[in-house]
Every structure is written in C-alpha cells, then in structure tokens.
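Structural description and commentary
Listed here are the chains, written in short residue letters.
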Amino acid sequence: MTEGIHREVPASTSDLVSQAAAQISTLVRDELALAKLELTEKGKRAGLGGGLFGGAAALALYGLGLLLVLAVVLLDLAWPLWLAVLVVMVVVFAAAGVAALLGKQKLAAAVPPVPKDAIASTQADVQTVKNAAREGRSA
C-alpha cells in the first residue's frame, strides 16, 4: 500500500550556489543592458541639448558684436569715428582683462584637481576596516 508520495529531494549546496551564481549573472547582465539603454537615451538628449546650447552661444556672440557696433555708431554721433571705435575697443579689452584675471584666480583655486573629500572618506573606511580586523584578532 504505497501511495504515490513524491518527496522532492532537496538540492545540494553546490546546486544552490550554482543556481544563485547563474541568477546573479543574469541579473547583472540585465541591469547593465538597462543602464546602457538609459545612458544611450540620455546621451542623445544631452547631445541635442549641447548642440542647441552651442547654437545659442554663437547667436549670442553675433548679438554682442552687433551691440558693440551699435555703441560705436551712437558714439560716432557725438565724436569722430576713430575716437568712438577706440573707446569701445578699450572698454572691450578692459572687460576681457578682468574676465581673464577672474578666470585665472578660479583655475588656481581648482588646482590640483584631487577629490579631497572622497580620499578622506576612503581613508576613514580603510582605517575602520583595519580597526575591526585588529579587534577581531584580539577577541
């Protein structure tokens, strides 16, 4: 009188580890594929945005040139043309000089480009692990 009782044989540890490794591998591949898709889409949008931004910068440069021409024309109404051009040129060069000095100061403050906070955090993590290892040995 044996009824058809079927018991599932539990999987061995090595079978479970191999299944887990295969599942993790599949999961990682799927996640990487999803990340690649997402980054591709964002890259396309960033490229389009960068192109539009570059176009806007070029148009703004032309606008600045026209504004300088307008300043020369307006000053030409009161002064000789050579003096109007000279005054506008001096103002433009002075603005360029100020911008260059400010840029130099900002670059000097950024050098060397070392991620100090990240390095300090990593050193603190390493020290924590070392301390935990020492405490583990002494216990």
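The following paragraphs examine the structure supplied in this document. What you are looking at is a predicted structure, and each value in this text was computed from that prediction instead of being measured.

Further remarks concern the overall build of the chain. In terms of helices and strands, the chain carries 3 helices and 0 strands. Going from the N terminus to the C terminus, the chain shows its helices and strands as α-α-α. Taking 14 Å as the expected radius of gyration for a compact globule of 139 residues, we find that the chain reaches 34 Å, considerably beyond that expectation. Here the C-alpha coordinates of the chain stretch approximately 120 × 50 × 15 Å along the principal axes. Put simply, the chain has 139 residues, and 2% of those count as buried. Accessible surface, the chain as shown: approximately 12,300 Å² in total, 71% of it carbon and sulfur. Mean positive and mean negative side-chain charge positions of the chain (12 and 11 charges, respectively) differ by 12 Å.

A contiguous nonpolar patch, built from Leu-61, Leu-64, Leu-67, Leu-70, Leu-74 and Leu-77 and spanning about 650 Å² of accessible area, is present on the exposed surface. Relative to the helices and strands, Leu-67 resides in helix α1 (residues 13-78). Using a relative accessible area of 51% as the deciding quantity, one classes Leu-67 as exposed.

Here the focus is the packing of α1 against helix α2 (residues 81-110). Where α1 meets α2, the closest approach of the two axes is 8 Å, and the angle between their N-to-C directions is 140°. On the basis of their axis angle, the class for α1 and α2 is oblique. Pair α1 / α2 crosses with right-handed handedness. Along its contact with α1, which presents Leu-68, Ala-71, Val-72, Leu-75 and Asp-76, the element α2 presents Leu-81, Ala-84, Val-85, Val-87, Val-88 and Val-92. Looking at side-chain class alone, the contact of α1 with α2 contains 10 nonpolar, no polar and 1 charged residues.

A few words now on the environment of Ala-84. Position of Ala-84 among the secondary structure elements: in helix α2. Assessed through its relative accessible area of 0%, Ala-84 is described here as buried. For the pair Ala-84 and Val-72, spaced 12 residues apart in the sequence, the C-alpha separation amounts to 5.3 Å. Apart from residues lying up to four places away in sequence, Ala-84 is in contact with Val-72, Leu-75, Asp-76 and Trp-79.

Attention shifts here to the environment of Leu-81. Residue placement: Leu-81 occurs in helix α2. When residues no more than four places from it in sequence are discounted, the contact partners of Leu-81 are Val-72 and Asp-76.

Parameters at a glance
- Residues numbered from 1 in each chain as written.
- Predicted model: local features only at pLDDT ≥ 70, side-chain atom pairs only at ≥ 80, totals over all residues.
- Heavy atoms only, no water.
- Helix = DSSP H or I, 4+ residues; strand = E, 2+ residues; numbered from the N terminus.
- Rg over C-alpha atoms; globule rule 2.2 N^0.38 Å.
- Buried < 20%, exposed > 50% of the residue type's maximum accessible area, 1.4 Å probe, protein only.
- Areas by Shrake-Rupley, 256 points an atom, 1.4 Å probe, with all protein chains shown as cover.
- Lys, Arg positive; Asp, Glu negative; His and termini not counted.
- Charge placed at Lys NZ, Arg CZ, Asp CG, Glu CD.
- Patch = residues over 30% accessible without salt bridge, like charges linked within 9 Å, V, L, I, M, F, W, Y side chains within 5 Å.
- Salt bridge = Lys/Arg side-chain N within 4 Å of Asp/Glu carboxyl O.
- Axes fitted to C-alpha atoms, helices over the stretch in contact; angles between N-to-C directions.
- Parallel < 35°, antiparallel > 145°, perpendicular 65-115°, else oblique.
- Left-handed = near helix turned anticlockwise from the far one by under 90°.
- Contact = heavy atoms within 4.5 Å.
- Nonpolar A, V, L, I, M, F, W, Y, C, P; charged D, E, K, R; others polar.

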